[in-house]
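These are the residues of each chain, in order.
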Amino acid sequence: MMQRRLLLSAAVAAPMVLSGCASQSLDGYANEKPVLDLAQYFNGKIDAHGIFQDRSGQIVKRFTVVMDCQWKGNEGVLDEAFTYSDGTTQRRIWRLTKHADGRYTGVADDVVGTANGQTRGNAFRWNYTLALPVDGKVYNVDLDDWMYLIDDRVMLNRATMSKFGFRLGEITLSFTKRAP
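Conventions we followed
- Residues numbered from 1 in each chain as written.
- Predicted model: local features only at pLDDT ≥ 70, side-chain atom pairs only at ≥ 80, totals over all residues.
- Heavy atoms only, no water.
- Phe/Tyr/Trp six-rings, centres within 6.5 Å; stacked < 30°, edge-to-face > 60°.
- Buried < 20%, exposed > 50% of the residue type's maximum accessible area, 1.4 Å probe, protein only.
- Lys NZ or Arg CZ within 6 Å of the ring centre and 35° of its normal.
- Salt bridge = Lys/Arg side-chain N within 4 Å of Asp/Glu carboxyl O.
- Helix = DSSP H or I, 4+ residues; strand = E, 2+ residues; numbered from the N terminus.
- Lys, Arg positive; Asp, Glu negative; His and termini not counted.
- Polar contact = N/O pair within 3.5 Å; in protein donor to acceptor, adjacent residues only side chain to side chain.
- Contact = heavy atoms within 4.5 Å.

Describing the packing of aromatic side chains
Now for step 1: For the structure on display, the rule yields 14 aromatic pairs.
Now for step 2: Residues Phe124 and Trp126 carry aromatic rings whose centres are separated by 5.1 Å and whose planes lie at 35° to one another, so their mutual orientation is tilted. As far as the burial class goes, Phe124 and Trp126 line up, both buried.
Now for step 3: Geometry around Tyr84 places Lys61 over its ring, the cationic atom sitting 4.6 Å from the centre.
Now for step 4: Just above the ring of Tyr41 sits the side chain of Lys177; from NZ or CZ to the centre is 5.8 Å.

A look at the pattern of salt bridges
Now for step 1: Considering all chains together, one arrives at nine salt bridges under this definition.
Now for step 2: Arg178 is the partner of Asp47 in a salt bridge, and the nearest nitrogen-oxygen pair spans 2.8 Å. Within this pair, whereas Asp47 is found in strand β1 (residues 44–54), its partner Arg178 is found in the segment after β10 (166–177), the two being separated by 131 residues in sequence.
Now for step 3: The salt bridge partner of Glu80 is Arg92, with a shortest N-O separation of 3.7 Å. You can see Glu80 sitting in strand β3 (residues 75–84) and its partner Arg92 sitting in strand β4 (residues 89–98), a full twelve residues away along the chain.

Overview of the side chain of Asp145
Now for step 1: Relative to the elements of secondary structure, Asp145 occurs in strand β8 (residues 137–149).
Now for step 2: As a buried residue without a salt bridge, Asp145 has its nearest oppositely charged side chain in Arg92, at a separation of 7.9 Å.
Now for step 3: Engagement of the side chain of Asp145 in a polar contact is seen with the side chain of Asn157, the distance being 2.4 Å.
Now for step 4: Setting aside residues up to four positions removed in sequence, Asp145 forms contacts with Phe124, Arg125, Trp126, Tyr128, Asn157, Arg158 and Ala159.

Here it is as structure tokens:
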């Protein structure tokens, strides 16, 4: 009887353990609405509120962002002004290019190389390496950034930060587009 319970427990737990190893697929969002058009959403003023959690889940940074976004044809500029809870500020200016099939590339001064992303349905996946200053040193960290359009004004963002494949923490953001 005990052996049967152990086998049953293992059979129930195995799919949950294995599903924890799987990663989400952008194609899984292909039919989700509303459809995300980055050039449409990131156009005008956007306010964002976010947190950074370390790998234990502890919130170590809180911040707000005011974004001034403009597009001309397939070229976009996202001017981000960050204010952190400790009073420090930062600015990042993304220069994005829209390509065929919902693909995007982007550059910014603190991004190493070129960022690459793609949209499907209401989702956008964005991968890049960020030169992150910490205590007088700069570390190149990888970001796997997922954005989900909720409606015409709100988008949620979850990003995983890692180095050498080890998860360092997560960033969570809520974007709200200002009414015109």
